[in-house]
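Survey of secondary and tertiary structure
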Amino acid sequence: RIDYTDGTGSLLLEGQSTNRITYSEQIGTALSVIDLSVDNNETTSPEGLVNAAMITTTGTSQPRMEAPVDYNSTYAISCFVKKNIGDYFGFGYYELGLGNSFVRFNISSGLDSDISYDGTALSDGKIQKFNENWYRISAKITTGSSTSKSGGKFVAMKSDSFSNSNIGNKYYIYGLQLEELSYATSYIPTNGSTVTRNADACTGAGNTDLIESSEGVLYAEIAALSNTADNSKFIA
């Protein structure tokens, strides 16, 4: 697999991870949905297929989708989201003793500087831009010891409220993911069950059948630090 995150291709090697959300694209199928309506297969997703959903807020108090989490655990929660009506989207979590925690992203600006937090359970928010104004957002959830808790929440938000939204706001959403890791890995599609991607491995680097140990090529790109009439010399 090739990673083009920084604009140039590089080999993508990741450890093993499991997406615990059993329907990552059919949004309303497995998650608890509160104050939202869901229309699946509404628009083209980042993979170029018409398999992204549209969600519409039908109530103002934490319009959300929830995925179950365990106590005393660390999770990376992520999804792809695109603006229709409404500039803010994010993640949340509630636990007795910790209270509500949220991280909010501005999906119009897409700026790291516009990420904001409330509470202590959510951290390490990241936003990454894709084609056609899609963003992948992610954060870390750290749960405590109380069994009185919510799930990990995908939440529609406002600029002045982490837990409320406007009725009628609409968002395109795709690729919901919840991993028992401290950081998000690349998207793992699911369709009816959890899916585990095995760890990547790279073999053959330095293989003497490909690169002989007795000879090789030295290559360098060199620029002079001054522009003078003297001859510049390089010795290898």
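Residues numbered from 1 in each chain as written. Predicted model: local features only at pLDDT ≥ 70, side-chain atom pairs only at ≥ 80, totals over all residues. Heavy atoms only, no water.

1. Overview of the overall build of the chain
Tallying secondary structure elements over the chain gives zero helices and 16 strands in all. Among the 236 residues that make up the chain, the fraction classed as buried is 39%. (Helix = DSSP H or I, 4+ residues; strand = E, 2+ residues; numbered from the N terminus. Buried < 20%, exposed > 50% of the residue type's maximum accessible area, 1.4 Å probe, protein only.)

2. Section: the sheet that holds strand E7 (residues 64-67)
Pairing is antiparallel across the open sheet formed by six strands, whose spatial order is E4-E7-E14-E9-E10-E11. What marks the edges here is a single partner per strand, and that holds for strand E4 (32-34) and strand E11 (116-118). Going across the sheet, the axis of each strand differs from the next one's by a mean of 20 degrees, ignoring polarity. Judged from the eight bridges that link them, strand E9 (residues 88-95) and strand E10 (residues 99-106) form a sheet pairing that is antiparallel. (Pairing = 2+ DSSP bridges. Axes fitted to C-alpha atoms, helices over the stretch in contact; angles between N-to-C directions.)

3. Some thoughts on the pairing of strand E8 (residues 74-85)
When a strand is regular, its side chains alternate between the sheet's two faces. Here E8 runs beside strand E13 (residues 135-142); their pairing, made up of eight bridges, is antiparallel. Opposite Thr 74, over in E13, you have Thr 142 as the bridge partner. Judged from the eight bridges that link them, E8 and strand E15 (residues 170-179) form a sheet pairing that is antiparallel. Paired with Phe 80 across the two strands is Tyr 174, which belongs to E15.

4. Topic: the side chain of Glu 66
Here Glu 66 lies in strand E7. Given a relative accessible area of 16%, Glu 66 falls into the buried group. If near-sequence neighbours (up to four positions away) are discounted, Glu 66 is found in contact with Leu 31, Ser 32, Ile 34, Ser 150, Gly 151, Gly 152 and Lys 153. (Contact = heavy atoms within 4.5 Å.)

5. A few points about the packing of aromatic side chains
Tallied over the full model, the rule gives eight aromatic pairs. One aromatic cluster in this structure is built from Phe 80, Phe 130, Tyr 174 and Tyr 187. In this structure, Arg 104 packs its charged tip against the face of Tyr 88, placed 5.9 Å from the ring centre. When the ring centre of Phe 162 is taken as origin, the NZ or CZ atom of Arg 104, which lies over that ring, is 4.0 Å away. (Phe/Tyr/Trp six-rings, centres within 6.5 Å; stacked < 30°, edge-to-face > 60°. Lys NZ or Arg CZ within 6 Å of the ring centre and 35° of its normal.)

6. Quick look at the sheet that holds E13
In spatial order, the strands read E5-E6-E15-E8-E13-E12; together these six strands make up an open sheet with antiparallel pairing. The open sheet has two edge strands with one neighbour each: strand E5 (36-43) and strand E12 (122-129). For this sheet the average axis-to-axis angle between neighbouring strands, irrespective of direction, equals 30 degrees.

7. Here we look at the environment of Ser 73
Of note, Ser 73 is situated in the loop between E7 and E8. Non-local contacts of Ser 73, meaning those with residues more than four positions away in its chain, are made with Ile 141, Thr 142, Thr 143 and Glu 180. Polar side-chain contacts of Ser 73 include one of 3.1 Å to the backbone oxygen of Tyr 71. (Polar contact = N/O pair within 3.5 Å; in protein donor to acceptor, adjacent residues only side chain to side chain.)

8. Regarding the nonpolar core
Of all hydrophobic cores here, the largest spans 33 residues; its most connected members are Met 65, Phe 89, Phe 91, Phe 154 and Ile 173. Listed in part, the seven residues of the second largest apolar core include Ala 52, Met 54, Phe 80 and Tyr 172. (Core = buried A, V, L, I, M, F, W, Y, C linked by side-chain atoms within 4.5 Å.)

9. Considerations on the pattern of salt bridges
The tally for this structure, following the rule as stated, stands at eight salt bridges. Where Arg 64 meets Glu 66, a salt bridge forms, and the shortest distance between an N and an O atom there is 2.8 Å. Comparing Arg 64 with Glu 66, the two get one shared label, buried. By sharing partners, the salt bridges in this structure join Arg 1, Glu 14, Arg 197 and Asp 200 into a single network. (Salt bridge = Lys/Arg side-chain N within 4 Å of Asp/Glu carboxyl O.)

10. Considerations on a nonpolar patch on the surface
Taken together, the side chains of Ile 2, Tyr 4, Leu 11 and Leu 13 present a nonpolar region at the surface, about 440 Å² in accessible area. By the secondary structure assignment, Leu 11 is in strand E2 (residues 10-11). For Leu 11, a relative accessible area of 51% corresponds to the exposed category. (Patch = residues over 30% accessible without salt bridge, like charges linked within 9 Å, V, L, I, M, F, W, Y side chains within 5 Å. Areas by Shrake-Rupley, 256 points an atom, 1.4 Å probe, with all protein chains shown as cover.)

11. Here's the deal with unusual backbone geometry
Positive phi outside glycine occurs at Gln 62, with the angle close to 50 degrees. If you trace the backbone, Gln 62 turns up in the loop between strand E6 (52-57) and E7. Backbone geometry places Asn 72, a non-glycine residue, at a positive phi of 55 degrees.

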